Each structure stands twice: as C-alpha cells, then as structure tokens.
Amino acid sequence: MVVASPCPIGSERMRRMGLPVIDLSRKRTHVAELMVRACEEYGFFKVINHGVNREVIARMEDEGRDFFSGPASAKQRAGPANPMGYGCRSIGFNGDSGEVEYLLLHANPTYIAQRSKARHPSRFCSAVTEYIEAVREVACQILELLAEGLKIPDREVLSRLIREGESDSVFRMNHYPCCKERDASHRVGFGEHSDPQILTLLRSNGVAGLQISVEDGVWVPVTPDPDAFCVNVGDLLQAFTNGRFVSVRHRAMANSFDTRMSMIYFGAPPLHAQIKPIPELISPQNPCRYRPFTWAEYKKAAYSLRLGDSRLDLFAMDMNVLSS
C-alpha cells in the first residue's frame, strides 16, 4: 500500500540484532531519540514497560481464545466481515486469502457493544473496551514522543487524531490455526502488506510467525516477546513525516507447532482528517512529497487493492522526488 522509502534499512544489522527494544520508563528525551531512529531505520520497534496492566492483557487474550475456540456457527454470528466482523481465510474483497480467521471491530465503545457476538457478550465487550483504552494511551504516548523527537512544537499534532471521538481506529484479532502440513513453513497466514493507518500496536500469544521485509526478497522473523508491544509505522505516518519514517511491509506465516493469536490496534484519524506533511518536516533539502488528501480518500484507495499493492504513490507530489 505504500511507495518505497528512500531511507536505507540496516538489513544486516536487523538480522543480527532483531528489532530495537525501547524502554518507556527511561528518560523521555532519550526514548524520543531512540523512537525516531527506529522509525527511520526500521519502521518497527518494540516497547517495554508500557504501563498496560497484565490483567487487562490476560482478560483480552482469554476472551480471544474463547471466541475462536467456539463453534463455527457462533463465530459466524459476528460475520461476515464487511469489512468489520468475523472472517475466515478470505481477507477483504479482492481475492486475498490466508491461513487465518479474524474478528475486526471498530474501536468505538458503542460499536463494540452493538457487535459483541461472543458467547459472553457483556464480558467480551468489557474486555475489548478496556484493552483498547489502555493500548490507545500507549499509542498516543508514542506519537507524542515522536513529535518531541522530531522537534515539532505541537507535540499532540498526531495523538489528538486518534483521541478524537470520531477516530476511525480499529481493533483486530487474528487467529492462525496450527498448520500440520509438510510445507507449513511456506504457508502464508496473512500476506505481505503495509498498514494504511497512522500507527499499529501488536502483541501475540508468544507464538512466532510475524516477519518484516527489510529489503527486496529478505524477510526477517520478529521474535515474540510476552512483555512487549510491537509497534510499526503506518502509511499515514510516513506521509505526515514527509517520507522520513518508513511504513515497512510485513506478513504472518503459518506455524507448524502451535496456534498463534495476535491482537492488533490500528490508530487512525477521523475519516475527514486531512493528511499532509507536517510543515516543520518540509525544507529545501526535503521538499513536500505528498499532496493533501483525506483519510477517507486513502482508505478507499488502499482497501480497493490486493494485499501488497501500492497506493501512497498516487498521492505523491512528484514521482521523481520519490525515487531520488
């Protein structure tokens, strides 16, 4: 969904060391510097000491396992995904498929209450709402630290977009059944893509499968960490930072040994929000790379394509600038 960034990615260092792990309890200025560097070099990083209560996480994981372990008839009451709701194998409307079943919900508490089709709706709704509120605060903290690290005077320029009541943020649970086939290691759970929103926070149940593309044809596995959230730059954040940050492609592979479940918060602005490079990040040396567009426009373009296809280049000011 996103045009290739001009920023080089340290692929060899990435393979040796893994994703940067950033401790949010350390000195604020140091954390901000580390985050900016991680977004420039990798587009992905992990955060620890994030402040999300373990009980909140455990309740959400329990509800996720309970939902996906239920009979097909019960899960289908939450579907079909259009695009919200329950889906299985079919990912979107463009022929994409994977070894995955999922539940996609809007992050608005009213919507969650209306669409809670789990076996215990009240309990499920409470767990999801509490989890989203906690993770959204971490996302806002990260965005404010990034604004500080970029020397942007208005540190809430990005975080207020996902705090707004009309925010189009969504929450997704992906469930990848154990794949016992001989070629399981080559089976794609969820295909190559970049996330179209601003920022993504993901955690899994400790089972491997997530990989990121550090350069053409090179995929690096992301080691699961029970104490961390995996954070990645979305397409909109690449546009807001005028290409300084990298929205990197990633995928999930089927696992031969265990079932994998991931919980993902996608922080997005209101549909009417205008997306354009932040003025402080435009200079004669780094001219404006993207024309203004709304999240509604980009969302429509991005979701009309198959996984892996690019769309941010359609909003570029000058394709020659992008390739320079």
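The structure this text deals with has already been given above.
The structure reproduced in this document is the subject of the present report. (Residues numbered from 1 in each chain as written. Predicted model: local features only at pLDDT ≥ 70, side-chain atom pairs only at ≥ 80, totals over all residues. Heavy atoms only, no water.)

**Digging into the overall build of the protein chain**
- In terms of helices and strands, the protein chain carries 10 helices and 14 strands.
- Split into buried and exposed, the 324 residues of the protein chain put 54% on the buried side.
- Taking all contacts inside the protein chain whose residues are at least 6 apart in sequence as the whole, residues at least 24 apart take part in 76%.
- Accessible surface for the protein chain amounts to roughly 14300 Å². Of this, 51% is attributable to carbon and sulfur atoms. (Helix = DSSP H or I, 4+ residues; strand = E, 2+ residues; numbered from the N terminus. Buried < 20%, exposed > 50% of the residue type's maximum accessible area, 1.4 Å probe, protein only. Contact = heavy atoms within 4.5 Å. Areas by Shrake-Rupley, 256 points an atom, 1.4 Å probe, with all protein chains shown as cover.)

**Here we look at the nonpolar core**
- With 91 residues, the main nonpolar core has Met35 and Ile142 as its most contacted residues.
- Those residues in contact with Ile142, other than ones at most four positions away along the chain, are Met35, Phe45, Val47, Leu199, Leu201 and Val231.
- Membership of the second largest hydrophobic core comes to 5 residues, among which are Ile91, Val100, Tyr176 and Ala252. (Core = buried A, V, L, I, M, F, W, Y, C linked by side-chain atoms within 4.5 Å.)

**With respect to the pattern of salt bridges**
- As enumerated under the stated definition, the model contains 19 salt bridges in all.
- Taking the shortest distance from any N to any O, the salt bridge between Arg54 and Asp227 comes out at 2.9 Å. Taken together, the positions of Arg54 in helix H3 (residues 54-68) and Asp227 in the loop between strand E9 (218-221) and strand E10 (229-233) put the pair 173 residues apart, joining distant regions of the chain.
- Under the relative-accessibility criterion, Asp227 is labelled partly exposed at 38%.
- Glu99 serves as the salt-bridge partner of Arg89, at 3.1 Å between the closest nitrogen and oxygen. Taken together, the residues span a long stretch of sequence, with Arg89 in strand E3 (residues 85-90) and Glu99 in strand E4 (residues 97-106) at a distance of 10 residues.
- Overall, the relative accessible area of 45% leaves Arg89 in the partly exposed class.
- Classification of Glu99 as buried rests on a relative accessible area of 15%. (Salt bridge = Lys/Arg side-chain N within 4 Å of Asp/Glu carboxyl O.)

**Quick notes on helix H6 (residues 121-149)**
- With 29 residues, H6 extends 42 Å between its outermost C-alpha atoms, agreeing within 8% with the 42 Å of an ideal straight helix rising 1.5 Å per residue.
- Lys151 lies just past H6 and shows a positive phi near 65°. (Expected span 1.5 Å × (residues − 1).)

**A closer look at the packing of helix H2 (residues 28-41) against H6**
- In contact at an axis separation of 8 Å, H2 and H6 are set at 90° when each is read in the N-to-C sense. Put simply, H2 runs roughly perpendicular to H6. Facing H2, whose interface residues are Arg28, Val31, Ala32, Met35, Val36 and Cys39, H6 presents Ile142, Glu144, Leu145, Leu146, Glu148 and Gly149. (Axes fitted to C-alpha atoms, helices over the stretch in contact; angles between N-to-C directions. Parallel < 35°, antiparallel > 145°, perpendicular 65-115°, else oblique.)

**Some thoughts on the packing of aromatic side chains**
- Counted by the stated rule, this structure contains 8 aromatic pairs.
- Centre to centre, the rings of Phe67 and Phe68 are 5.2 Å apart; their planes meet at 80°, and the pair counts as edge-to-face.
- Here the aromatic cluster, defined as three or more aromatic residues joined through ring pairs, consists of Phe67, Phe68, Tyr86 and Phe124.
- The side chain of Arg172 reaches across the aromatic face of Tyr102, ending 3.9 Å from its centre.
- Positioned above the aromatic ring of Phe229, the side-chain terminus of Arg203 is 5.7 Å from the ring centre. (Phe/Tyr/Trp six-rings, centres within 6.5 Å; stacked < 30°, edge-to-face > 60°. Lys NZ or Arg CZ within 6 Å of the ring centre and 35° of its normal.)

**Side note on the sheet that holds strand E7 (residues 199-204)**
- Taken together, the 8 strands give an open sheet; going across it, the order is E1-E2-E10-E7-E12-E5-E4-E3, and neighbouring strands pair in mixed fashion. The sheet is open, and its two edges are formed by strand E1 (21-23) and E3, each paired on a single side. Looking at each pair of strands side by side, their axes are set apart by 25° on average, direction ignored.
- Across 3 bridges, E1 lies against strand E2 (residues 44-48) in parallel orientation. In the sheet register, Val21 faces E2, and the bridge partner there is Lys46.
- Here H3 sits on the sheet in contact with E3, E4, strand E5 (170-176), E7, E10 and strand E12 (260-267), set at roughly 120° to E12.
- Strand contacts of H6: E2, E4, E5, E7, E10 and E12, with the helix running at about 125° to E7, the strand carrying the most contacts. (Pairing = 2+ DSSP bridges.)

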